[in-house]
Amino acid sequence: MRPLKTFLLISVVCCVACPWQWLAAEEEIKYSSPDGRFALRITRSKDDEYHPTVELIEKHSGTVLITLHSGQENTDLFDASEAVLVWSADSKRVAYGFRDSPPGVRVLSLGAVVYFRNGSGFDKVFLPKNLPSPRIKFPKGKEENVKPYGGGVTPLRWLKSGDLEMSSEEMMLSRDDGKSYTGVLRFTVSFDAQHHASVKEIGKTKTGVEE
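These numbers were taken from a predicted model, which means no experiment stands behind them.

Draft legend 1. The overall build of the protein, seen in detail. Check the secondary structure of the protein and you find 1 helix and 13 strands. The buried share of the protein, reckoned over its 211 residues, is 38%. Within the protein, contacts between residues at least 6 apart in sequence are counted, and of these 44% link residues at least 24 apart. As displayed, the protein has an accessible area near 13100 Å², and 52% of this comes from carbon and sulfur atoms.

The structure is reproduced here in structure tokens:
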């Protein structure tokens, strides 16, 4: 019995000395850069999975370069499963896309942040304040009694020219017919030598309808 008691004693000591092994966080690493050096890391605490931490990291070392969303932020409106990184082919530019509403919530907020590589780190580049928004096409007489329930912008891809293609989305509920109308348009953002951003090309709104 002594070996068994000794084993149980060691186990208890390990639990007390290393409690993080029992409350370990779950990590998910995805959206690696084309050169394989960087990636997105999502960390969820097992006792609080609704407050994840999202980071841009160096893959081989795990070093945090940018905290994109802190799990300590006082918000219940963040869905880490929809956090994405969109990389340029040379891994020198990255756009972070995110959603600020969890599944099942009717109000949706989409956003994007751009970073340019500077040595081994990344600098934030500000997008234009007034980005294009779609104009939803409602049936005649149905455009007045409507309720907005979300929208925003999403990064799509980096073009060979260095421009960033994005989409802008807006959703409305018509109280007259009970249908949901979603307007989506694509546009590109260009960056000059000083990394100042400007809207370059704007497409046409496409409207989708759901019962």
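From this point, the discussion proceeds with the structure in view.
Draft legend 2. Region of interest: the sheet that holds strand β4 (residues 64-69). In space, the 4 strands of this open sheet follow the order β1-β2-β3-β4, with antiparallel pairing throughout. One side of each edge strand has no neighbouring strand; the edge strands of this open sheet are β1 (26-30) and β4. If you compare each strand with its neighbour and ignore which way they point, the axes differ by 25° on average. With 4 bridges connecting them, strand β3 (residues 48-58) and β4 associate as antiparallel partners. Counterpart to Glu-55 in the pairing with β4 is Thr-67.

Draft legend 3. Examining the packing of aromatic side chains more closely. What the rule picks out here adds up to 8 aromatic pairs. On the numbers, 6.2 Å between centres and 70° between planes, the contact of Phe-116 with Trp-158 is edge-to-face. Taken together, the positions of Phe-116 in strand β7 (residues 108-118) and Trp-158 in strand β9 (residues 146-158) put the pair 42 residues apart, joining distant regions of the chain. Exposure remark for Phe-116: the relative accessible area of 4% places this residue in the buried category.

Draft legend 4. Fine view of the pairing of strand β12 (residues 197-202). Sheet topology note: the strand β11 (residues 180-191)/β12 ladder contains 5 bridges and is antiparallel. The residue of β12 that forms the bridge with Phe-191 is Ala-197. Between β11 and β12, which follow one another and run antiparallel, lie 5 residues, and His-195 among them has a positive phi close to 70°.

Draft legend 5. Just the side chain of Ser-167, in detail. Residue position: Ser-167 is located in strand β10 (residues 164-174). The contacts of Ser-167, once residues within four sequence positions are left out, are Gly-152, Val-153, Thr-154, Leu-156, Val-184, Leu-185, Arg-186 and Phe-187.

Draft legend 6. Layout of the side chain of Ser-91. Along the chain, the position of Ser-91 falls in the loop between β5 (84-87) and β6 (93-99). The class of Ser-91 is buried, set by a relative accessible area of 1%. A distance of 3.0 Å separates a polar atom in the side chain of Ser-91 from the backbone nitrogen of Asp-35. Apart from the residues within four sequence positions on either side, Ser-91 is in contact with Ser-33, Pro-34, Asp-35, Arg-117 and Phe-122.

Draft legend 7. A look at the nonpolar core. Ranked by size, the top nonpolar core spans 18 residues in total, and within it Val-54, Leu-56, Leu-68, Leu-85, Tyr-96 and Phe-122 carry the most contacts. Excluding its chain neighbours within four sequence positions, the residues that come into contact with Phe-122 are Phe-38, Leu-56, Leu-65, Ile-66, Trp-87, Ser-91, Val-94, Tyr-115, Phe-116 and Arg-117. Counting 15 residues, the second largest nonpolar core, distinct from the first, contains Phe-116, Trp-158, Leu-164 and Val-189.

Draft legend 8. Geometry of the environment of Arg-186. Mapping Arg-186 onto the fold places it in strand β11. Along the chain, Arg-186 and Glu-201 lie 15 residues apart, while their C-alpha atoms are 8.4 Å from each other. Setting aside chain neighbours within four positions, we find Arg-186 in contact with Leu-156, Glu-165, Met-166, Ser-167, Glu-201, Ile-202 and Gly-203. A distance of 3.5 Å separates the side chain of Arg-186 from the side chain of Glu-165, its partner in a polar contact.

Draft legend 9. Layout of the pattern of salt bridges. Enumeration according to the criterion identifies 10 salt bridges in this entry. Among the salt bridges present, the one from Arg-44 reaches Glu-28, with a minimum N-O distance of 3.5 Å. Placement of the pair is Arg-44 in strand β2 (residues 38-45) and Glu-28 in strand β1, with a sequence separation of 16 residues. Between Arg-186 and Glu-165 there is a salt bridge, and its shortest N-O distance comes to 3.5 Å. Of this pair, Arg-186 sits in strand β11 while Glu-165 is found in strand β10, placing the two residues 21 residues apart along the sequence. Residue Arg-186 is classed as partly exposed on the basis of its relative accessible area of 49%.

The rules we used
Residues numbered from 1 in each chain as written. Predicted model: local features only at pLDDT ≥ 70, side-chain atom pairs only at ≥ 80, totals over all residues. Heavy atoms only, no water. Helix = DSSP H or I, 4+ residues; strand = E, 2+ residues; numbered from the N terminus. Buried < 20%, exposed > 50% of the residue type's maximum accessible area, 1.4 Å probe, protein only. Contact = heavy atoms within 4.5 Å. Areas by Shrake-Rupley, 256 points an atom, 1.4 Å probe, with all protein chains shown as cover. Pairing = 2+ DSSP bridges. Axes fitted to C-alpha atoms, helices over the stretch in contact; angles between N-to-C directions. Phe/Tyr/Trp six-rings, centres within 6.5 Å; stacked < 30°, edge-to-face > 60°. Polar contact = N/O pair within 3.5 Å; in protein donor to acceptor, adjacent residues only side chain to side chain. Core = buried A, V, L, I, M, F, W, Y, C linked by side-chain atoms within 4.5 Å. Salt bridge = Lys/Arg side-chain N within 4 Å of Asp/Glu carboxyl O.

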